[in-house]
Structure formats: structure tokens, C-alpha cells
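Structure at a glance
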Amino acid sequence: MTIKSINHVAIVTGDIDEALAFWRDALGLPLDHVEPVAAEGVNVAFLPVGGESAVELLEPATDDSGVARYLEKRGPGIHHICLEVDDIEATMARLTAHGVRLINEQPQARDNGTFYAFVHPKSAGGVLVELYQQPAQD
Ligand code: CO
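**Regarding helix H1 (residues 16-26)**
- Where H1 is concerned, the buried positions are Ile16, Ala19 and Leu20. The buried side chains of H1 occupy one side of the element, clustering within an arc of 105° when seen end-on. Turned more than 90 degrees away from the buried face of H1, the exposed residues are Glu18, Asp25 and Ala26.
- Its buried side turned inward, H1 meets strand S2 (33-37), strand S3 (42-49) and strand S4 (53-60).
- Capping of H1 at its N-terminal end is provided by Asp15; its side-chain oxygen lies 2.9 Å from the backbone amide nitrogen of Asp17.
- Two residues or fewer after H1 comes Gly28, characterised by a positive phi angle close to 95°.

Right, dumping it as C-alpha cells:
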């Protein structure tokens, strides 16, 4: 298995427009789009960086979402780092063999066919790590 890239760095903000004043306006990153992700109770802004990575701004859309609780507890800032891998099951098996705790025991599927799983921050020095496997393109 191969770790291919840092797919995205996700940042929690209470207000996407406020965050865009830095990431888009001051820094000059392009804003690709903003979309609601109802399943997670968030709005997400996608700002591509180079060809392979993105900054994702997460804004809670509901008061009871995980991101809303995170924001209340820890304030705005970096939420997680996402590594793109070519084989998520092999990556998860490798981590488990190393005694690493996973939040998702099985890969989860997004609507677009991407598989993802989160590693428990307690096993990663306090960093929430997301694994991504993009759908096969043919
Ligand atoms: Co993510």
C-alpha cells in the first residue's frame, strides 16, 4: 500500500465567510465551491492547493453536529489531516497490526464513491487523521 498525498487539511470555523477572508482573499487560494454535507451537519468550502491537495473549511450547520461540539469545546483551528492511500483496507490492517486504534472499523463510503476512515487521535499524538481512497477511475 502507498500513501499518495495529503488530500486535504480540514479546518473548523464558526463562519466560512470569515475564514475565506484569510484563505481566499488574503492568501489568494481559489474557492472551488461550498457544499452542505447533511450527513455530518456541516457546510464545507473546498479550496484547492496545487494539483493534489485542498484546504477544507468546515462550518457547523446544526447545533448538535460533531463539528459544532468540537468548535464549542476547542474553538476554531485545524480539525483533521487527510491522507490519500491507494488501498484503505490494507492501510487500516497495517495500522491495526501496529496497535493503532481506529474510529471506523470498516471503510465508510461517501456518495461520490470515496472510501474513508478515521484514526483515533489517541493513537496519533492528538491528531485526527482521515484516510481516503478515491474510486477507481477507468
Ligand atoms: Co476530511
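**Points about the coordination of the cobalt ion**
- Around the cobalt ion, the protein contributes the donor atoms His8 (NE2), His80 (NE2) and Glu130 (OE), at 2.0 to 2.1 Å from the metal centre.
- Every donor residue of the cobalt ion comes from the same chain, spaced as H-x71-H-x49-E. Within this pair, whereas His8 is found in strand S1 (residues 3-12), its partner Glu130 is found in strand S8 (residues 129-133), the two being separated by 122 residues in sequence. An identical accessibility class is assigned to His8 and Glu130; each is buried.

Conventions adopted
Residue numbers restart at each chain and count upward from 1, following the sequence in its written direction. It should be noted that, the model being predicted, local features are given only for residues of pLDDT at least 70 and side-chain atom pairs only at 80 or more, the latter also being counted only at that level, while totals for whole chains, interfaces and linings use all residues. For the side-chain quantities, the full set of heavy atoms in the structure was used; hydrogens and water were omitted. With a 1.4 Å probe rolled over the protein chains alone, any residue whose accessible area is under 20% of its type maximum counts as buried; one over 50% counts as exposed, and the rest are partly exposed. Note on conventions: DSSP H or I runs of at least 4 residues are helices, E runs of at least 2 residues are strands, and numbering of each starts at the N terminus. The reported arc concerns the directions from the helix axis to the C-beta atoms and nothing else. By definition in these notes, contact holds between two residues if any of their heavy atoms fall within 4.5 Å. The term polar contact refers here to a pair of N or O atoms within 3.5 Å; inside protein, the definition further demands a hydrogen-donor-capable atom paired with an acceptor-capable atom, and it admits residues adjacent in sequence only when both atoms are side-chain atoms. Because water is not among the atoms used, a metal site may look incomplete, as its donors are only the N, O and S atoms within 2.8 Å, or 3.2 Å for Na, K and Ca.

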